[in-house]
Amino acid sequence: MEFERVKLEIEGPVGIVTLNHPEVMNAVSAEMLGGLMKAIDHVEDPKNGVRCILLTGAGRGFCAGANLQPSGGGPSGARDAGSVLETQYHPFLRRLRELPIPLVTAVNGAAAGVGMSFALMGDLVLCARSAYFLQAFRRIGLIPDGGSTWILPRLVGKARAMELSLLGEKLPADKALEWGLINRVFDDADLIGKAKELARDLASGPTVALGLIRRLYWASADHTYEEQLNMERQMQRKAGNSADFAEGVRAFLEKRPAKFKGE
């Protein structure tokens, strides 16, 4: 299924969303953002049965950042770069944060600028060994965006976040793994197969609970301990009322694998 600069393939319960403008290393344009929103609409339609999203890039890179060509819709084409973020990028990023199902990102090459932000939105961030991350903003006189200044210090600490942003040096996948920025690194030829395997595992799980887990961890950075305890209580009530919980308990007592339906 083709959208503007985006491809969607549904393999059983897994929706594979591919940034699809390899001629410019999948640089993000207004058209691509529109295509991504349409792809997510399709993924979230219950009739399609998608219970996990896998996000990756076509060709030899994940995403080179914003498309800086005058027609690309990036900051170079606007007097107010901030308004471009608020009207085009932020709605998509908020959409990813609010997904009710798990999100896996498979970083198959360069993840630069806002492409790095997209990659780090994954609940599981998987990388090819040749992949790298780059906070490229300083190279064109801009500040990190796409939520980078929020997520980076929470993943790797202030010192490393500042280093990445101020120096604009490439961070290879193996070093990103060492720093705790990502989850796993695979040989390039194995990345997509392994990513699909993990996505299928998540999709076959108790996706009501998995979606609630996403919400809890996203909220935790802004909550006090007491606020988080209260949210855990609320989310556990919802999980406990799900058919997946009832099935999980039955399967445990009957000593068999659970057959979760995401209900």
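A. Here's a closer look at the environment of Phe 137. With respect to the helices and strands, Phe 137 occurs in the loop between strand E8 (132-134) and helix H4 (148-156). On the basis of relative accessibility, which here comes to 7%, the residue Phe 137 falls in the buried class. Sequence spacing of Phe 137 and Ala 66 is 71 residues, and the spatial spacing of their C-alpha atoms is 9.9 Å. Excluding residues that lie within four positions of it along the chain, Phe 137 makes contacts with Gly 113, Val 114, Leu 142, Ile 143, Pro 144, Asp 145 and Ser 148.

B. Examining the nonpolar core more closely. Grouped together as the largest cluster of nonpolar side chains are 67 residues, with contacts concentrated most on Val 17, Leu 36, Val 107, Phe 118, Phe 133 and Leu 181. Within the second largest apolar cluster, six residues are counted, among which are Leu 212, Met 231, Met 235 and Ala 239.

C. Representation of the packing of aromatic side chains within the structure. Overall, the coordinates contain two aromatic pairs when judged by the stated rule. Here Phe 92 and Phe 118 contribute two aromatic rings whose centre-to-centre distance is 5.1 Å and whose plane-to-plane angle is 65 degrees, an arrangement assigned as edge-to-face. One end of the pair, Phe 92, is in helix H2 (residues 81-97); the other, Phe 118, is in helix H3 (residues 114-120), and 26 residues separate them in sequence. A single burial state applies to Phe 92 and to Phe 118, both of which are buried. Plain terms: the ring middles of Trp 150 and Trp 218 are 5.7 Å apart, the flat faces sit at 20 degrees to each other, and that makes the pair stacked. Of the two residues, Trp 150 sits in helix H4 while Trp 218 sits in helix H8 (residues 207-220), which places them 68 residues apart along the sequence. Residue Trp 150 is classed as partly exposed on the basis of its relative accessible area, which comes to 26%. The ring centre of Tyr 132 lies 4.4 Å from the NZ or CZ of Lys 170, which sits over that ring.

Cut-off values and rules
- Residues numbered from 1 in each chain as written.
- Predicted model: local features only at pLDDT ≥ 70, side-chain atom pairs only at ≥ 80, totals over all residues.
- Heavy atoms only, no water.
- Helix = DSSP H or I, 4+ residues; strand = E, 2+ residues; numbered from the N terminus.
- Buried < 20%, exposed > 50% of the residue type's maximum accessible area, 1.4 Å probe, protein only.
- Contact = heavy atoms within 4.5 Å.
- Core = buried A, V, L, I, M, F, W, Y, C linked by side-chain atoms within 4.5 Å.
- Phe/Tyr/Trp six-rings, centres within 6.5 Å; stacked < 30°, edge-to-face > 60°.
- Lys NZ or Arg CZ within 6 Å of the ring centre and 35° of its normal.

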